[in-house]
Amino acid sequence: MLASSPSSIPEWVEETGRLRRALPDDVEAVLNKHEAAGTTDDPEYEQACEVFYRRHVCRAPEWPDYVMRSLEFIAQHGEVYRYMNARRHLRARRCDDRDQPHRLAGDPVS
């Protein structure tokens, strides 16, 4: 079951890549450096991710409590998130369920 997930990771990766390329060169360089080195837990990397988040996730000058809780939860319990994103917040493993609607069908969880 997918929940809060794009149905096409390839499209998500493509669009995220486009948004990343629009970041300032120094921010993109920090992201690339730490992803290549496997040091995505470095504070410099997290600061670069925040630039992306503030442009493309939540543009409010002060992030609402629910955004902060989500980011804190991922930081504390994000094993699956980190696995699916291959230890890189702004990239992801390739998966595409658009041609498999039977995997998307089911009763909604309420």
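Below is a short write-up of the structure.

Quick notes on the rules
Residues numbered from 1 in each chain as written. Predicted model: local features only at pLDDT ≥ 70, side-chain atom pairs only at ≥ 80, totals over all residues. Heavy atoms only, no water. Axes fitted to C-alpha atoms, helices over the stretch in contact; angles between N-to-C directions. Helix = DSSP H or I, 4+ residues; strand = E, 2+ residues; numbered from the N terminus. Parallel < 35°, antiparallel > 145°, perpendicular 65-115°, else oblique. Left-handed = near helix turned anticlockwise from the far one by under 90°. Contact = heavy atoms within 4.5 Å. Buried < 20%, exposed > 50% of the residue type's maximum accessible area, 1.4 Å probe, protein only. Phe/Tyr/Trp six-rings, centres within 6.5 Å; stacked < 30°, edge-to-face > 60°.

What follows covers the packing of helix α2 (residues 25–37) against helix α3 (residues 43–56). Between α2 and α3, the shortest axis-to-axis distance is 9 Å and the interhelical angle comes to 135°. In terms of their interaxial angle, α2 and α3 are classed as oblique. For the pair α2 and α3, the sense of crossing is left-handed. Between α2, through Val27, Val30, Leu31, Lys33, His34 and Glu35, and α3, the contact on the second element is made entirely by Glu44, Tyr45, Ala48, Cys49 and Val51.

Summarising the element assignment, Cys49 is placed in helix α3. According to the relative accessible area criterion, Cys49 is buried, its value standing at 0%. Distance from Cys49 to Leu31, taken between C-alpha atoms, is 7.4 Å for residues 18 residues apart in sequence.

Evaluated as defined, the whole model comprises one aromatic pair. Between the aromatic rings of Phe52 and Tyr53, the centroid separation amounts to 6.5 Å while the plane-to-plane angle is 75°, which identifies the pairing as edge-to-face. Taking relative accessible area as the criterion, Phe52 reaches 6% and is therefore assigned buried. Assessed through its relative accessible area of 12%, Tyr53 is described here as buried.

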